[in-house]
Amino acid sequence: MSTWNLTGAPRSFSGARSRAQREAQGELPWERAGASAGDGGEGADGALSVSQAVALAAGALDALPTLTVIGEVTGFRGPNARSGHCYFQIKDDASAVDCIIWRGVYSKRTFDLRDGMQLQLTGNFNLYKATGRMSFVAKSFALAGEGMLRQQVAALAEKLRREGLMDAARKRPIPAFCTRVAVVTSLSGAVIDDVKRTLRRRNPLVELICVGSKVQGEGAPEELIEALARAAAIEPAPDCILLVRGGGSFEDLMTFNDERLARAVAACPVPVVTGIGHEPDNSICDMVGDRRCSTPTAAAESVAPAIGDLEDLLASREQRLAAATSHTVRSASARIDGWAQRIRSAMSTRLDRAAVELEAAARRPCLTSPRAIIEGRRMELAQTAERFAASTSSFDARRHMLDMAHERLTHGGAAITASRATGLAAQAAALDALSPLKVLARGYAIAYGPHGVATSVADAAPGDELRVRLADGDILGTVASVEPVAGA
Amino acid sequence: MTERKPVEELTYKEASQELELTIRALESGEMELEESLESYTRGVELLKSLRARLADAEQKVSVLLKDADGGDVLEPAAAADTSDDLKI
């Protein structure tokens, strides 16, 4: 295919025509027709064959410049299963025309086509000679009008999403009970009153600071960006900023799809709660804010609990407070009861043991019958005495025997000596009678020589000491001579 | 036990948080009896004050305006009208 100027400005057919087409189709039909008129024509009555007529028409269409057409998609059934080309129609209120998007073109699309879409298509008319059907062959297409805006918004949303501006991790928590809230919106609309009324009814403890800004039209994004900055700079800082706007057309709400405003919302140092438009509306500011609410009223309600809930919370806390305290007191009291029980049982165990010991002591015989001990001792003593007595009972008999023996001994002894004394006296008398002393008395003497009693003259020699015993003494002398007695 | 601010000097939020913490401490059951009775007394005070504030709450609204020098000032503004009268 040749390239085409996309301005769509009408130009002369010859200028729009390509050499390739001229070569493919030969001379333009009407030129030929004009020529033939001069020549006298081909047919007898100047009639054309169908092919000629169709070729003429096709040539005329081909001669049209590249066109940009806006129309609504209808009869779209997706790409042809076999060829991948798309066949559908585009229409407006009065007309419709077949439309073809070749597979190669459709594969480069950024969105899927469906019925009802407003499309801006750029391409050329073409006549299919076999059927004579005319189609618009689109070489490129894009969403038109609101569709185009939505497409741009979607592209911006995707871009910011890729940058991570919509990550759940980025979203800051909004305090469950914001007591200081800045509201960025138009101060002249009904929205600011809605927010005030909603919060007055729901929770008058929430302090509201209204920061006015244009919310639609020229310059609105810039004003909103400034208002956000001013709201965030309030001292002390608000707990959150409500960025709200009432419902409106898609174009009205386009302010909140502004890239700079979206970035300002994402970068705002104070968490931002959005409530833009009505339920189904969703703007990029909603997506990059910290909390998205479907309406301004819902946004206002989301920043603080209802006063009734606070009352309920206080009631439940009152109960918890009482329950916790009485539990503490009860458990302290139970502990004391436990101790008392333990003290009692410990004491009674101790006392019981002491009582048992005491009873055991009391049962001992020394205490129960002290007399019995004395009796016992007495009996023991008696037994001992008895045994002692028994052990000495033989003594009397022995004494008697001894006495008897003594007597007998005395008698016996006397008898023995008496008889012997008699004998002895007789013997003494006899002895006395026989005593040499008596002989001496009668004049006899006993001579003792050196060798004793001299019984012979031989026992003494002259010069020998000689002792002569007389009855009353001794005479000492020396032997002067020995004179034996003749005849002896 | 740390010195406590008088209840009337606390903001609603501070009082509410202190009440919750007080109750949690009591619920933990780890307090001395004397301490828990003290906490209970404080909790009752907080509750009373919070209730009173809920009952008497009046909406406070201000508007952030630029003054002559271009600086931002907070101007008190009317609270929301809650009358049910139909405005025509």
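Residues numbered from 1 in each chain as written. Chains lettered and ligands numbered in written order. Predicted model: local features only at pLDDT ≥ 70, side-chain atom pairs only at ≥ 80, totals over all residues.

1. Side note on the overall build of chain B
Basically, it comes down to this: Labels follow the DSSP assignment, with helices taken as runs of H or I lasting at least four residues and strands as runs of E lasting at least two, numbered in each case from the N terminus. To sort residues by burial, count the other C-beta atoms lying within 10 Å of each one's C-beta; a count of 20 or more means buried, 12 or fewer means exposed, and anything in between means partly exposed. C-beta atoms are built from the backbone.
Within chain B, the secondary structure is distributed over two helices and two strands. Listed N to C, the secondary structure of chain B is α-α-β-β in terms of helices and strands. Scored against the burial criterion, the 88 residues of chain B give a buried share of 17%.

2. Remarks on the overall build of chain A
Cut-off, in case you're wondering: With C-beta atoms placed from the backbone, a contact is any residue pair whose C-beta atoms sit within 7 Å.
Looking only at helices and strands, one finds 16 helices and 14 strands in chain A. The burial tally for chain A puts 22% of its 488 residues in the buried class. Of all intrachain contacts in chain A linking residues separated by at least 6 positions in sequence, the fraction that spans at least 24 positions is 63%.

3. Quick look at the interface of chain B and chain A
Applied cut-off: Polar here means any residue outside two lists: the nonpolar Ala, Val, Leu, Ile, Met, Phe, Trp, Tyr, Cys and Pro, and the charged Asp, Glu, Lys and Arg; Gly therefore counts as polar. Pairing between two strands requires that DSSP report at least two bridges joining them.
On the chain A side, the residues contacting the 32 residues of chain B number 32 residues. Secondary-structure elements contributing two or more residues to the side of chain B that touches chain A are α1 (12-28), α2 (33-56), β1 (61-66) and β2 (72-77) of chain B. A total of eight residues in the side of chain B that touches chain A trace back to one element, the largest contributor, which is α2 of chain B. Looking at the side of chain B that touches chain A, its residues break down into 18 nonpolar, seven polar and seven charged. Relative to β1 of chain B, strand β7 (residues 207-212) of chain A runs parallel, the two being bridged by three bridges. Counterpart to cysteine 210 of chain A in the pairing with β1 of chain B is valine 63 of chain B.

4. Digging into the sheet that holds strand β6 (residues 180-185) of chain A
Whether parallel or antiparallel, the strands of a sheet pair through hydrogen bonds between backbone atoms. Convention followed: Axis geometry follows a simple rule: fit a line to the C-alpha atoms, using only the stretch in contact for helices, then measure angles between N-to-C directions, giving values from 0 to 180 degrees.
Pairing is mixed across the open sheet formed by seven strands, whose spatial order is β10(A)-β9(A)-β8(A)-β6(A)-β7(A)-β1(B)-β2(B). Each having just a single partner strand, β10 (291-293) of chain A together with β2 of chain B make up the two edges of the open sheet. The average undirected angle you get between the axes of adjacent strands in this sheet is 25°. The pairing of β6 of chain A with β7 of chain A spans six bridges and is parallel. When the sheet's bridge partners are listed, arginine 180 of chain A is paired in β7 of chain A with glutamate 207 of chain A.

5. Here's the deal with the confidence of the model for chain A
Residues and elements named next belong to chain A. The cut-off we apply is this: pLDDT is a residue-level measure of predictor confidence that goes from 0 to 100.
When pLDDT is averaged across chain A, the result is 85; 91% of the residues are at 70 or more. The lowest-confidence element of chain A is helix α1 (residues 13-16), averaging 44 in pLDDT; the highest-confidence one is strand β8 (residues 240-245), averaging 96. pLDDT under 50 marks residues 1-17. Its contacts with residues more than four places away, or in other chains, come to 21 contacts. Across residues 32-41, where pLDDT falls below 50, the model places four contacts with residues more than four positions away in sequence or in other chains.

6. A few points about the nonpolar core
Generally speaking, nonpolar side chains in soluble globular proteins are found buried as a group. All names here are of chain A. Applied cut-off: Under the definition applied here, buried Ala, Val, Leu, Ile, Met, Phe, Trp, Tyr and Cys residues are grouped into a nonpolar core through C-beta atoms within 7 Å.
In terms of nonpolar packing, the biggest core is built from 51 residues, with Val183, Val184, Leu228, Ile241, Leu242 and Val265 touching the most fellow members. Ranked by the residues each element gives to this core, the list is headed by helix α8 (residues 220-233), at seven residues. In contact with isoleucine 241, not counting residues within four places along its chain, are Ala182, Val184, Leu228, Ala231, Ala232, Cys268, Val270 and Val272. In terms of nonpolar packing, the next biggest core, distinct from the first, is built from 13 residues, Val73, Phe76, Leu119 and Phe125 among them.

7. Let's talk about the packing of α1 of chain B against α2 of chain B
All names here are of chain B. Rules: Crossing handedness is defined as follows: a turn of the near helix away from the far one that is anticlockwise and smaller than a right angle gives a left-handed crossing, while the clockwise case is right-handed.
It is the contact of α1 with α2, at a shortest axis distance of 9 Å, that shows an interaxial angle of 150°. Pair α1 / α2 crosses with left-handed handedness. Only Ser36, Ser39, Tyr40, Arg42, Gly43, Leu46, Leu47, Ser49, Leu50 and Arg53 of α2 make contact with α1, whose side of the interface consists of Tyr12, Ala15, Ser16, Glu18, Leu19, Thr22, Ile23, Ala25 and Leu26. Broken down by class, the residue content of the contact of α1 with α2 amounts to ten nonpolar, six polar and three charged.

8. Considering the pairing of strand β5 (residues 133-143) of chain A
On a regular strand, each side chain points to the face opposite its neighbour's, so the side chains alternate between the two faces of the sheet. All names here are of chain A. In the sheet, strand β3 (residues 96-101) pairs with β5 via three bridges, with the strands oriented parallel. Bridging from a neighbouring strand, aspartate 98 pairs with serine 135 of β5. Bridge count for strand β4 (residues 118-128) against β5 is ten bridges, and the pairing is antiparallel. Bridge pairing in β5 links leucine 127 to methionine 134.

9. Notes on the confidence of the model for chain B
Reading predicted coordinates in detail is not appropriate for stretches of low pLDDT. Residues and elements named next belong to chain B. Taken as a whole, chain B shows an average pLDDT of 84; of its residues, 89% reach a score of 70 or greater. Mean pLDDT values over the elements of chain B span from 86, in β2, up to 90, in α1. Per the prediction output, this complex has pTM 0.55; the corresponding ipTM is 0.80.

10. Regarding the environment of aspartate 474 of chain A
Residues and elements named next belong to chain A. Structurally, aspartate 474 is set in strand β14 (residues 474-478). Judged by local crowding, aspartate 474 falls into the exposed class, with 11 C-beta atoms found within 10 Å. Taking C-alpha positions, aspartate 474 is 9.2 Å from alanine 445, a pair spaced 29 residues apart along the chain. Among all residues touching aspartate 474, those that are not within four sequence positions of it are Arg467, Val468 and Arg469.

11. Some words on the sheet that holds strand β13 (residues 465-469) of chain A
Residues and elements named next belong to chain A. Pairing in this open sheet of four strands is antiparallel, and the strands run β12-β11-β13-β14 from one edge to the other. Of all strands in the sheet, those with a lone pairing partner are β12 (452-453) and β14, marking the two edges. Bridge count between strand β11 (residues 446-449) and β13: three bridges; the pairing is antiparallel. The residue of β13 that forms the bridge with alanine 447 is valine 468.

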